[in-house]
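Chain residues, written in single-letter form:
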Amino acid sequence: MAYGLLKGKKGIISGALDENSIAWKVALKAKEEGAIFTLTNAPIAMRMGEINKLAEVCEAEIIPADATSIEDIENLYAKSMDVLGGKVDFVLHSIGMSPNVRKGRAYGDLNYDFYKQSVDISAMSFHKFLQTAEKMDAINEWGSVVALTYMAAQRTFSFYSDMADAKAMLESIARSYGYRYGKLKNVRVNTVSQSPTKTRAGGGIAGFDSFYEFAEKMSPLGNASADACADYVLTLFSDFTKMVTMQNLFHDGGYSMTGVSAELLEMIKPAE
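Residues numbered from 1 in each chain as written. Predicted model: local features only at pLDDT ≥ 70, side-chain atom pairs only at ≥ 80, totals over all residues. Heavy atoms only, no water.

(A) Looking closely at helix α7 (residues 162-185). Given a rise of 1.5 Å per residue, 24 residues ought to cover 34 Å, and the 33 Å separating the end C-alpha atoms of α7 matches this to within 8%. Residue Tyr177 marks the point of greatest curvature in α7, where the axis turns by about 25°. Taken as a whole, α7 has its buried residues at Asp162, Met163, Ala164, Ala166, Lys167, Leu170, Glu171, Ile173, Ala174, Tyr177, Gly178 and Tyr181. Taken from the residues just after α7, Asn186 is the one with a positive phi, measuring 60°. (Helix = DSSP H or I, 4+ residues; strand = E, 2+ residues; numbered from the N terminus. Expected span 1.5 Å × (residues − 1). Bend = angle between axes of the 7 residues up to and from the residue. Buried < 20%, exposed > 50% of the residue type's maximum accessible area, 1.4 Å probe, protein only.)

Take a look at the structure:
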């Protein structure tokens, strides 16, 4: 059921790869709620994914952009404003990748060139998105920028390796730029810390399936789905959250606030 939550709003959605990705769900729901937007992803990711199908359904233009390139991001904003007929109201940053994780490098055996790539792609790109938007005055007053993150920024998960460092930086950027952009243009900047989600990115992490089940048993509401995350992101794009900024918002079924669940205690209880 649509509510017209984003009627008349324009935006940019990055990171949609296939129908399992959160950005893909955000795009479908944004379209349903009345928004118009452009889609973007790195050229190599676009070759791997199915973004053309999404663009057709959403009647959205695809603008390829390497999120680490200022020139590409400038082109993304310029073309988006041209296609959409003006400045944007929302931006989704759904970008993250660690070569160290992909290649199974332990945290004590990181390749530092890979490490720099992880930070550049997964965190610094967020700053580039924000700084470029500010310089180009590409986001309307009371606009909203949301980045997807994960709780490994606050707690240690051994399998998350250098991505945890990148996510911590991402969240710090949201606070620092959220203050700046709020003072300048009333633009709000937030991160959403989602449950482990069965996406292509999540599936690439060693031990993901076991941890997914662990989080399911820890969370009183269970793991939040990609669809539910998209619903939450849309509320942050909407006018109903105008005074929410600089926040890291947990969308995880209660996992982040649960010390230990009854289900897990039952599992580890010694046999009588």
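Back to the write-up after that little detour.
(B) Quick look at the nonpolar core. Core analysis: the largest hydrophobic core is formed by 31 residues, its most contacted members being Ile13, Val26, Phe37, Leu39, Leu92, Val233 and Phe237. Per-element accounting of this core gives the leading share, 7 residues, to helix α10 (residues 226-237). (Core = buried A, V, L, I, M, F, W, Y, C linked by side-chain atoms within 4.5 Å.)

(C) Seen up close, the pattern of salt bridges. The full count for this structure, using the stated rule, is 11 salt bridges. Note that Lys25 and Asp227 form a salt bridge whose closest N and O atoms lie 3.8 Å from each other. Pair noted here: Lys25 is in helix α1 (residues 22-32) and Asp227 is in helix α10, with a separation of 202 residues, a long-range link. According to the relative accessible area criterion, Lys25 is buried, its value standing at 18%. Here Asp227 falls in the partly exposed class, since its relative accessible area comes to 36%. When the shortest N-O distance is used, the salt bridge between Glu59 and Lys31 registers 2.5 Å. Of this pair, Glu59 sits in the loop between α3 (51-58) and α4 (70-84) while Lys31 sits in helix α1, and the two are 28 residues apart along the sequence. Here Glu59 falls in the exposed class, since its relative accessible area comes to 65%. The exposure class assigned to Lys31 is partly exposed, which follows from its relative accessible area of 30%. A network of salt bridges, in which partner residues are shared, links Lys87, Asp137 and Lys185. (Salt bridge = Lys/Arg side-chain N within 4 Å of Asp/Glu carboxyl O.)

(D) Representation of the pairing of strand β2 (residues 36-40). Of all 5 residues in β2, 4 are buried; the element is thus mostly enclosed. In terms of strand pairing, strand β1 (residues 10-14) meets β2 through 5 bridges, oriented parallel. By the bridge assignment for β2, Gly11 is matched with Phe37. (Pairing = 2+ DSSP bridges.)

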